[in-house]
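This is what each chain is made of:
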Amino acid sequence: WYQRRVHGKQWYQRRVHGYSPCKEVEMLRAGLLLCLGLVSASPPYCQPGDSCWPSQEEVDRFADSLSSVPENDEDCMGLPTFSSADQQGEPIHNYWYPEAPEEITPYQLANLRNKIADDITAYFVVIARNESDVVKAVQFATSHNLGISVFSTGHEFNDRNAGPGVNSLLIRTTCLRTVQFDLDEDNSFGHPDGSVRLGAGMTWGDSKFGAVGVHELARDNERVVVSGHAGNVGIVGWSLGGGHGQLVGAYGMGVDQVLEVEMVIADGSKVVANADGTLVTSEGGLSELTDNTDLFWALRGGGAGPWGIITAMTIKVHKPRTHARPAATLNGQ
């Protein structure tokens, strides 16, 4: 694990069994090459009937390894963590998509997004309830050469979140709704107004499913955040794609707000990237830290798609400007 201390700069303390500093850069490079497999593995991806397609026993074992549905499941509305074209779940009433039938299965609901081109739907769906679910889904897809698609809200006018084609594995990050404010002036990122760590499923305003958004939570903490116009847009795609909105003139673009990104790459390793370096933690718990920041800057503006699956992100929060200066008149009075 690592711990930050800030006195003018951020520094990392490492307490890692088997830590090998001479391999930091090599491991980071290898990890980035692996994460390119999310979008550039040699096509075609495995399809039903191929020898690489998972057996029912393998599918069942994978599904059983994922998080169970808790009794009080406000974040996920009781939706199953795993569903598939063969195991779609019990039909539910559709309150959210007027263009879809009134009764749909959880599998059908999970596949809905802003624009669906060419009837591309995933075969397997994981509604991740934590980072571990994302790791297991990536490892399952990789072991069977399945295409991966990822989205939280599905806001994408060109359907780029459809993934590589039909019969892929869809990972929905909609239910990753961690919220952790750090408003201490001496906070770990050195931003005087503070920061907030947000799960990838958070939206700026209320979500399509009625979950509270970041603006309301920031207001309750006497802060504001930079966002776009539409409240039910997710935080990740908007921020890492650039992010234009009403407050950018005062506080900078959406991408300027990003302080740290947490993600899972194509071999299932967990990555934390910020302006001071990159921490890669493998499945076995071995962690490697490098001061290479290329991944962080690639994410800030280049988007998350080529690099991995975002599970959480830390952004700046700002104290609202409550005192306005009087506007000058034409005659200077």
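Residues numbered from 1 in each chain as written. Predicted model: local features only at pLDDT ≥ 70, side-chain atom pairs only at ≥ 80, totals over all residues. Heavy atoms only, no water.

(A) Highlighting the sheet that holds strand E8 (residues 169–172). Taken in spatial order, the 4 strands line up as E3-E6-E8-E7 in an open sheet, and their pairing is mixed. Two strands lie at the open edges of the sheet, namely strand E3 (82–84) and strand E7 (148–151), each paired on one side alone. Direction aside, the axes of adjacent strands within the sheet are offset by 20 degrees on average. Contacts from helix H5 (residues 131–143) reach strand E6 (124–127), E7 and E8, with the element oriented near 170 degrees to E8. (Pairing = 2+ DSSP bridges. Helix = DSSP H or I, 4+ residues; strand = E, 2+ residues; numbered from the N terminus. Axes fitted to C-alpha atoms, helices over the stretch in contact; angles between N-to-C directions. Contact = heavy atoms within 4.5 Å.)

(B) Here's a closer look at the state of the cysteines. One pass over the full model with this rule turns up 2 disulfides. Covalent S-S linkage joins Cys-46 and Cys-52, the inter-sulfur distance amounting to 2.1 Å. The sign of the S-S torsion, about 115 degrees, decides the handedness of the disulfide formed by Cys-46 and Cys-52: right-handed. Since its relative accessible area comes to 1%, Cys-46 is described here as buried. What makes Cys-52 partly exposed here is its relative accessible area of 29%. Across the disulfide, Cys-76 is cross-linked to Cys-175 (sulfur-sulfur distance 2.1 Å). Within this pair, whereas Cys-76 is found in the loop between helix H3 (56–65) and E3, its partner Cys-175 is found in the loop between E8 and strand E9 (179–182), the two being separated by 99 residues in sequence. Pair check on accessibility: Cys-76 and Cys-175 agree, each one buried. Along the protein chain, the cysteines engaged in disulfide bonds are linked according to the scheme 1-2, 3-4 when indexed in sequence order. (Disulfide = S-S within 2.5 Å. Buried < 20%, exposed > 50% of the residue type's maximum accessible area, 1.4 Å probe, protein only.)

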